[in-house]
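Now for the letters of each chain:
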Amino acid sequence: MKRADDFEQRRVHLANLSDEELYDRFWNLAEQIVDPLLELGKKNTTPSVERSVLLRMGFSSLEVKPIVEGVMNKGLMGKGAGNVVWRLSKKLGISVREAGLELANGRHWDDVDSLF
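Structure report, in brief. Here the structure is a predicted model, which is why all the values come from computation and not from measurement.

What follows covers the packing of aromatic side chains. Aromatic rings considered in pairs are described by the distance between their centres and by the relative angle of their planes. Within this structure, the stated rule accounts for two aromatic pairs. Between Y23 and W27, the ring centres sit 6.3 Å apart and the planes meet at 65°, which makes this aromatic pair edge-to-face. Of this pair, Y23 and W27 both sit in helix α2 (residues 19-43), four residues apart, roughly one helical turn. Note on Y23: relative accessible area 52%, which makes it exposed. Where F26 meets W27, the ring centres are 4.9 Å apart and the plane angle is 85°; that geometry is what we call edge-to-face.

Okay, the packing of helix α3 (residues 47-56) against helix α4 (residues 61-73) next. Running from amino to carboxyl end, α3 crosses α4 at an angle of 130°, the nearest separation of the two axes being 9 Å. Taken together, the axes of α3 and α4 lie oblique to each other. You can see that α3 and α4 cross each other, and the crossing is right-handed. Counting all contacts with α3, which are made through P47, E50, R51, L54 and L55, the residues of α4 involved are S61, V64, I67, V68 and M72. Each residue belonging to the contact of α3 with α4 can be placed in one class, and the counts come to seven nonpolar, one polar and two charged.

Moving on, we come to the packing of α4 against helix α6 (residues 96-104). It is at 8 Å that the axes of α4 and α6 come closest, and there the two elements cross at 70°. As far as their axial angle goes, α6 and α4 are roughly perpendicular. For α4 against α6, the interelement crossing comes out left-handed. On α6, the residues touching E63, P66 and I67 of α4 are R97, G100, L101, L103 and A104.

Considering all chains together, one arrives at seven salt bridges under this definition. Notably, a salt bridge pairs R10 with D6, separated by 2.9 Å at the nearest N-O pair. Residue R10 is classed as partly exposed on the basis of its relative accessible area of 43%. Here the salt bridges share partners, and the residues they tie into one network are R3, D6 and R10.

Criteria and cut-off values
Residues numbered from 1 in each chain as written. Predicted model: local features only at pLDDT ≥ 70, side-chain atom pairs only at ≥ 80, totals over all residues. Heavy atoms only, no water. Phe/Tyr/Trp six-rings, centres within 6.5 Å; stacked < 30°, edge-to-face > 60°. Helix = DSSP H or I, 4+ residues; strand = E, 2+ residues; numbered from the N terminus. Buried < 20%, exposed > 50% of the residue type's maximum accessible area, 1.4 Å probe, protein only. Axes fitted to C-alpha atoms, helices over the stretch in contact; angles between N-to-C directions. Parallel < 35°, antiparallel > 145°, perpendicular 65-115°, else oblique. Left-handed = near helix turned anticlockwise from the far one by under 90°. Contact = heavy atoms within 4.5 Å. Nonpolar A, V, L, I, M, F, W, Y, C, P; charged D, E, K, R; others polar. Salt bridge = Lys/Arg side-chain N within 4 Å of Asp/Glu carboxyl O.

Laid out in structure tokens, this is it:
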């Protein structure tokens, strides 16, 4: 079955637009498509995503597990596990790696409450 050629009908609302207007319309429509996806990414995360972030920060999978579990127990998943580790490192004046290892070993979780 061949598709009917309706291009001329579908482009009527675009026919009188200049190149600049078409360019602006394209980016406006693209933003409408992408904005909800960005919003979802900002507001929603998963343990898997948070583990991935911590792995990219240089922690091993064995070190990451207790950090993500602690972040979930504290109800801070929306803040991000990497962000929790980073803020703790700033508060304690130690490296990000040291802060993460401290959390992985069960220390400083009380300090995390005051970070946000």
